[in-house]
Amino acid sequence: MRLALVALFIMVLVSSPLLAQDDRLDEFAFEEVPLKDEPIPYFAIGVGPVFQFSFPNMDDLNARATQLGLGPLDSPLLQIGGELFTAVGLVKNLRVGFSWVAGSLSTTADKMIDTFTVSRTMKYSLSSRTIHIDYAWVPFKRFTVLPGIGFGWGNQTIATYQSMKNRTWDNYADTTGISTSPDAYADLTRAILYLAPRLNVEYAFTPFVAVRAQAAYTLQVGANDWIGNKIAVVSGVPTSINVSAFNAQVGLFIGLFN
């Protein structure tokens, strides 16, 4: 009985101040403080394949193909490769990357040389490697716009070759080991430097997978001499045969994306 009275006394002492405070709750005013909109921070690190469509000037190349009795080289030139990139933590929204692509166009026709029927081909090839710097703008979640610029180097090659479609070992080459008529092979190659301003639009389907669409322009800023058959310096090659061209690209990347 005494314990029950003591417990009741303690409950009364504790509840009295609380009741008094409840009576004063209406005196307090609660104001809603608007939440501050914070920009979406950008972070990405990824790697994946890219497919690039290039639209170079083909006029002088096709004029050469016509002289050889071949059909035209039809653009665009498809280049396939890959790219890897990462955000730069020290500079907000900055991203750096490296890409490599290569591709070619060719035209082939059968020709009659003396009493031989040969298959003749002209092939135009481009390969390039580029260091990129992009700035990321994230207008809304998962979607990123990245204007940027690249500096790159690569090679141009024009190869022309022909041979009989079916040969035997005995008549494939003369005693020096070098193929003879109607076989023929000639190539022109040179190293080039270029700048590539570009605009990427990327969407991350998940935090681990993103897709890209890109528009870019390759601007050739330097080139070595054309070298024929790895030995001869060749002059008089038309200046329109260069890598300056509009490019369109699509890509698929795996990694970490915000």
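Our structure's up above, just so we're on the same page.
Values in this document were obtained by computation on a predicted structure and should not be read as measured data.

Trainee: Go over the overall build of the protein with me, naming the residues and quoting the values.
Mentor: Scanning the protein from N- to C-terminus turns up two helices and 11 strands. Listed N to C, the secondary structure of the protein is α-β-α-β-β-β-β-β-β-β-β-β-β in terms of helices and strands. Here the protein holds 258 residues, and 33% of them are scored as buried. Long-range pairs, those at least 24 residues apart, make up 73% of the contacts in the protein between residues at least 6 apart in sequence. Accessible area for the protein stands at about 16200 Å²; split by element, carbon and sulfur atoms hold 65% of it.

Trainee: How would you explain unusual backbone geometry if you had to name every residue and give the values?
Mentor: Glycine aside, a negative phi is what most residues show, and trans is what most peptide bonds show. Along the chain, Ser75 connects to Pro76 via a cis peptide bond; the corresponding omega equals 10 degrees. With respect to the helices and strands, Pro76 occurs in the loop between α2 (59-67) and β2 (77-87). Residue Arg142 is not a glycine yet carries a positive backbone phi of 80 degrees. Mapped onto the fold, Arg142 is located in the loop between β5 (137-140) and β6 (143-164). Of note in this structure, Asn229 is not a glycine but carries a positive phi near 50 degrees. Positionally, Asn229 belongs in the loop between β9 (226-228) and β10 (232-234). The partly exposed category is assigned to Asn229, whose relative accessible area is 41%.

Trainee: Can you lay out the pairing of strand β11 (residues 245-257) for me, pointing to particular residues and giving the numbers?
Mentor: Bridging between strand β1 (residues 44-55) and β11 involves 10 bridges; their strand directions are antiparallel. Each bridged residue has a counterpart across the sheet, and for Gly46 the counterpart in β11 is Gly255. The pairing of strand β8 (residues 209-223) with β11 spans 10 bridges and is classified as antiparallel. From the neighbouring strand, Thr218 faces β11, where its bridge partner is Ala245.

Trainee: Can you explain the packing of aromatic side chains? Please cite residues and give values.
Mentor: Counted by the stated rule, this structure contains eight aromatic pairs. Taking the centre distance of 6.2 Å and the plane angle of 35 degrees together, the rings of Phe55 and Phe246 count as tilted. Linking Phe55 in strand β1 with Phe246 in strand β11, this pair joins segments that are 191 residues apart in sequence. Given the relative accessible area of 38%, Phe55 is considered partly exposed. On the basis of relative accessible area, Phe246 is assigned to the partly exposed category, the value being 41%. Ring geometry for Phe85 versus Phe253: centroids 5.1 Å apart, planes at 65 degrees, classification edge-to-face. Here Phe85, found in strand β2, pairs with Phe253, found in strand β11; they are 168 residues apart in sequence, far enough to count as distant. Each member of the pair, Phe85 as well as Phe253, is classed as buried. The rings of Phe85, Phe253 and Phe257 are connected pair by pair, giving a single aromatic cluster. When the ring centre of Phe85 is taken as origin, the NZ or CZ atom of Arg95, which lies over that ring, is 3.8 Å away.

Trainee: I'd like to hear about the pattern of salt bridges, residue by residue, with values.
Mentor: For the structure on display, the rule yields six salt bridges. Among the ionic pairs, Glu83 bridges to Arg212, the shortest N-O distance being 2.8 Å. One end of the pair, Glu83, is in strand β2; the other, Arg212, is in strand β8, with 129 residues separating them in the sequence. We classify Arg212 as buried; its relative accessible area is 3%. Through salt bridges with shared partners, a single network forms among Glu83, Arg95, Asp134, Arg198, Glu202 and Arg212.

Reading the values: rules and limits
Residues numbered from 1 in each chain as written. Predicted model: local features only at pLDDT ≥ 70, side-chain atom pairs only at ≥ 80, totals over all residues. Heavy atoms only, no water. Helix = DSSP H or I, 4+ residues; strand = E, 2+ residues; numbered from the N terminus. Buried < 20%, exposed > 50% of the residue type's maximum accessible area, 1.4 Å probe, protein only. Contact = heavy atoms within 4.5 Å. Areas by Shrake-Rupley, 256 points an atom, 1.4 Å probe, with all protein chains shown as cover. Pairing = 2+ DSSP bridges. Phe/Tyr/Trp six-rings, centres within 6.5 Å; stacked < 30°, edge-to-face > 60°. Lys NZ or Arg CZ within 6 Å of the ring centre and 35° of its normal. Salt bridge = Lys/Arg side-chain N within 4 Å of Asp/Glu carboxyl O.

Purely geometric numbers; function is a separate question.
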